[in-house]
Amino acid sequence: MNNTASSAPEPDAVVQEELTRLRESIDNIDAAVVHMLAERFKCTQQVGHLKARHQLPPADPQREARQIARLRQLAENAKLDPAFAEKLLNFIIAEVIRHHETIAGNADGGAEAAEAD
């Protein structure tokens, strides 16, 4: 017997309505996440420009460590896997660093600036 998706029975109307409702909620949450990340990156861009103008150190490992610990605690309180939250923050930090390096390079011809803000 072939167990492909095309041979699966169609969900009844009530199940389909619930699935649609849940997926619409997920879509709304995804949109909110994207907008929140955009706001976060607006702030980190400002940090990058400030650091480049004042020739501040490129990174703040103590700040990064505090942020990771803080986010892990928030995740735990929200019943989200803290390791997942840390991976997400590390991904975001890497992108912030890339932005700051670009900003610093444009500001003074190559100095690197990065911040986990």
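Higher on the page you've got the structure.
Overview of the structure. Small disclaimer: the values here were computed from a predicted structure and weren't measured.

1. Notes on the pattern of salt bridges
At step 1: Here the structure, examined in full by the defined rule, presents four salt bridges.
At step 2: For the salt bridge of Arg-72 with Glu-86, the shortest nitrogen-to-oxygen distance reads 2.6 Å. Here Glu-86 lies in helix H3 (residues 82-108) and Arg-72 lies in helix H2 (residues 61-77), a separation of 14 residues in the sequence.
At step 3: Since its relative accessible area comes to 31%, Arg-72 is described here as partly exposed.
At step 4: For Glu-86, a relative accessible area of 25% puts it in the partly exposed group.
At step 5: In this structure, the salt-bridge partner of Arg-98 is Glu-95, at a minimum N-O distance of 2.5 Å. One end of the pair is Arg-98 and the other is Glu-95, both in helix H3 and three residues apart, which spans about a single turn.
At step 6: Overall, Arg-98 belongs to the partly exposed group, its relative accessible area being 43%.
At step 7: Taking the relative accessible area as the measure of exposure, Glu-95 reaches 26% and is therefore partly exposed.

What counts and how
- Residues numbered from 1 in each chain as written.
- Predicted model: local features only at pLDDT ≥ 70, side-chain atom pairs only at ≥ 80, totals over all residues.
- Heavy atoms only, no water.
- Salt bridge = Lys/Arg side-chain N within 4 Å of Asp/Glu carboxyl O.
- Helix = DSSP H or I, 4+ residues; strand = E, 2+ residues; numbered from the N terminus.
- Buried < 20%, exposed > 50% of the residue type's maximum accessible area, 1.4 Å probe, protein only.

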